[in-house]
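Coordinates in review
Listed here are the chains, written in short residue letters.
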Amino acid sequence: MIAIVTGASRGAGRGIAVELGAIGATVYVTGRTTRDQQPAAYDTFKRSAGFERMPGTIDDTAEAVTAAGGKGIAVRCDHSDPDQVRELFARVEREHGELDVLVNNAWGGHETLTHEFLDAPFWQQPLSHWQSMFEHGVRNHVIGCQAAAPLLIKQRRGLIVTTTYWDRGHYIKGNLFYDLAKSTLCRLAFDVAAELKPHGVTSLAVSPGWMRTEIILGAFKTDEDHWQEVPPLARTESPRYIGRAVAALARDPNVHAKTGGVHQVGDLAVEYGFTDIDGRVIPPFEMQ
């Protein structure tokens, strides 16, 4: 299995890449953060969150993929640059001649997110969120779909997974731009599915719950070994949970029946019989 996971330095992207590695996939791990280079776009967020560096790199993730049983290949790529993205897909085609799974996960929303504007009414939120969440979020996914489509159509198969957030139409109060962007990603997966369905290519969206990403753990001054000591994190799930969902979808010979849908990780866990890393089957997240 040949896969590309975008935005895989940390969070959901890392969890997905590692779980694809666990089923033996060759995974091209892409993003902007390497051991040698931190993207300047995150400077505002780092100051707000008190981070000296953004946690995680594509190099770390690629090594974790290999350690899990697959083959991790780190490729630095700015997914807002169509030329870099097209070269990524051209490289995969040169080296393997095929692509089984594209996970569109590159997300620039943290570039402008600060504690000051978390949970703020929409009229107080800066328009810079549009730039980070649409121009460096939704647009990244569109570019990825466009770059992948010719190869997937030619081989008449393949799976495009869009990572998103969806809670049955509930509004994420205090995060207008985030809510708009994530809703748009759900529609993007649906629209791409409609155009690619005649070619045998599957497009769907996967929605996790509240993930214990490196950023969330850092915000609560804890780590993966001690998060259970922090009561507010009781409802969280690890990024490997969505990873196991994507791995299950990638192995499902009947996955095309799900094309166009938004699928919650908790529901997929019940359907495919997997758990989170702590053995729990965590139900779909619901806004309170």
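This section reports on the structure supplied with the text. Keep in mind it's a predicted model, so treat the numbers as computed, not measured. Counting starts from 1 at the beginning of each chain's written sequence and moves along it residue by residue. For this predicted model, a pLDDT threshold of at least 70 governs which residues receive local features, and a threshold of 80 or more governs which side-chain atom pairs are given and counted, while totals over whole chains, interfaces and linings are taken from all residues. Excluding hydrogens and water, the side-chain values take into account all heavy atoms of the structure.

Examining helix α3 (residues 58–68)
The buried label applies to any residue whose accessible area, calculated with a 1.4 Å probe on protein chains only, is under 20% of its type's maximum; exposed applies above 50%, and partly exposed to all values in between. Counting from the N terminus, the helices are the DSSP runs of H or I reaching at least four residues and the strands are the DSSP runs of E reaching at least two. Considered for burial, the residues of α3 that qualify are I58, T61, A62, A64 and V65. One side of α3 holds all its buried residues, which, seen down the axis, span an arc of 160°. Residue contacts are defined here by distance: any two heavy atoms, one from each residue, within 4.5 Å place the two residues in contact. Residues of α3 that are buried sit in contact with α1 (11–22), β2 (26–31) and β3 (71–76). Counted as a polar contact is a pair of N or O atoms within 3.5 Å, where, for protein atoms, one must be capable of donating a hydrogen and the other of accepting one, and residues adjacent in sequence contribute only when both atoms are in side chains. Looking at where α3 begins, the residue whose side-chain oxygen comes 3.3 Å from the main-chain nitrogen of D59 is T57. In the stretch just after α3, G69 is the one whose phi turns positive, near 120°. In this context, the arc is that of the directions from the helix axis out to the C-beta atoms.

Observations concerning the pairing of strand β1 (residues 2–5)
With burial as the criterion, each face of β1 is covered, one bearing I2 and I4 and the other bearing A3 and V5. The pairing criterion is simple: DSSP has to find at least two bridges between the two strands. As paired strands, β1 and β2 are joined by four bridges and run parallel to one another. Opposite I4, over in β2, you have Y28 as the bridge partner. Classification remark: right-handed applies to a crossover when, strands pointing away from the viewer, the course from the first strand over the helix to the second runs clockwise. For the handedness criterion, the β-α-β arrangement of β1, α1 and β2 is classed as right-handed. Looking at chain direction, β1 and strand β4 (residues 101–104) are connected through three bridges and run parallel.

Here we look at the sheet that holds β3
Spatially, β3-β2-β1-β4-β5-β6-β7 is the arrangement adopted by the seven strands of the open sheet, whose pairing is parallel. Edge strands, defined here as strands with exactly one partner in the open sheet, are β3 and β7 (262–264). Across this sheet, the average inter-strand angle for adjacent strands is 20°, counted without regard to direction. Of the strand pairs in this sheet, strand β6 (residues 202–207) and β7 are connected by three bridges, and their pairing is parallel. Note that in β7 the partner of V206 across the bridge is H263. Interaxial angles span 0 to 180 degrees and are taken between N-to-C directions of axes, which are lines fitted to C-alpha atoms, for helices over the stretch in contact. Packing against the sheet, helix α6 (residues 176–196) makes contact with β5 (159–163), β6 and β7, and its axis sits at approximately 165° to β5. The sheet strands contacting helix α9 (residues 265–272) are β6 and β7, and the helix crosses β7 at an angle near 75°.

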